[in-house]
Amino acid sequence: RHDEALVLERGIFDRRVATLGLSHERTILVGTNILISLQRLKSFGEAIAFSRDQLLPTARQSLGADHDLTLCICQDLAAALQDKPECTRDDLLEAETIMQD
């Protein structure tokens, strides 16, 4: 059922981006739901890319580094880095850095 949820969440995300913009808090919230679904589906590479390339930079810029959603995205990114099967020492160091920032 997580795959079905992911399809719905992506649709909602696309609509929010179109109507509210990527930097709107509600859009970012839906993005965090996508991250959670990707992790549950063990799509760690996609979760990492989505959070690194799109969601986290946008959240930091529009909401600030200390906002709850930004911190949740950091936590989800760190978890994805640690949980992926091919986790390396560099991934663990990056996860640690993310959580300390």
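Look up: the structure comes first, before these words.
Thresholds, definitions, all that
- Residues numbered from 1 in each chain as written.
- Predicted model: local features only at pLDDT ≥ 70, side-chain atom pairs only at ≥ 80, totals over all residues.
- Heavy atoms only, no water.
- Helix = DSSP H or I, 4+ residues; strand = E, 2+ residues; numbered from the N terminus.
- Expected span 1.5 Å × (residues − 1).
- Buried < 20%, exposed > 50% of the residue type's maximum accessible area, 1.4 Å probe, protein only.
- Arc of directions from axis to C-beta.
- Salt bridge = Lys/Arg side-chain N within 4 Å of Asp/Glu carboxyl O.
- Phe/Tyr/Trp six-rings, centres within 6.5 Å; stacked < 30°, edge-to-face > 60°.
- Disulfide = S-S within 2.5 Å.

Draft legend 1. Helix H5 (residues 89-100), seen in detail. Here H5 spans 17 Å end to end across twelve residues, near enough to the 16 Å set by a 1.5 Å rise per residue. Asp 91, Ala 95 and Ile 98 are the residues of H5 that are buried. One face of H5 carries all of its buried residues, which in axial projection span an arc of 60°. Counted as exposed and oriented over 90 degrees from the buried face of H5: Arg 89, Asp 90 and Gln 100.

Draft legend 2. Spatial organisation of the pattern of salt bridges. Throughout the structure, instances matching the rule amount to four salt bridges. Two residues, Arg 1 and Glu 4, come together in a salt bridge whose shortest N-O distance is 3.3 Å. Residue Glu 46 is joined to Arg 10 by a salt bridge in which the shortest nitrogen-to-oxygen separation is 2.0 Å. Linking Glu 46 in helix H3 (residues 44-62) with Arg 10 in helix H1 (residues 2-20), this pair joins segments that are 36 residues apart in sequence.

Draft legend 3. The arrangement of the packing of aromatic side chains in detail. Using the criterion set out here, one finds one aromatic pair in the structure. Where Phe 13 meets Phe 50, the ring centres are 5.5 Å apart and the plane angle is 80°; that geometry is what we call edge-to-face. One end of the pair, Phe 13, is in helix H1; the other, Phe 50, is in helix H3, with 37 residues separating them in the sequence. Both residues of the pair, Phe 13 and Phe 50, belong to the buried class.

Draft legend 4. Main features of the state of the cysteines. This structure, assessed with the given rule, holds zero disulfides. For Cys 74, which is in no disulfide, the shortest distance to another cysteine sulfur is to Cys 72 and amounts to 9.3 Å. A relative accessible area of 7% means that Cys 74 is categorised as buried. Among the cysteines around Cys 87, which has no disulfide bond, Cys 74 carries the closest sulfur, lying 17 Å off.

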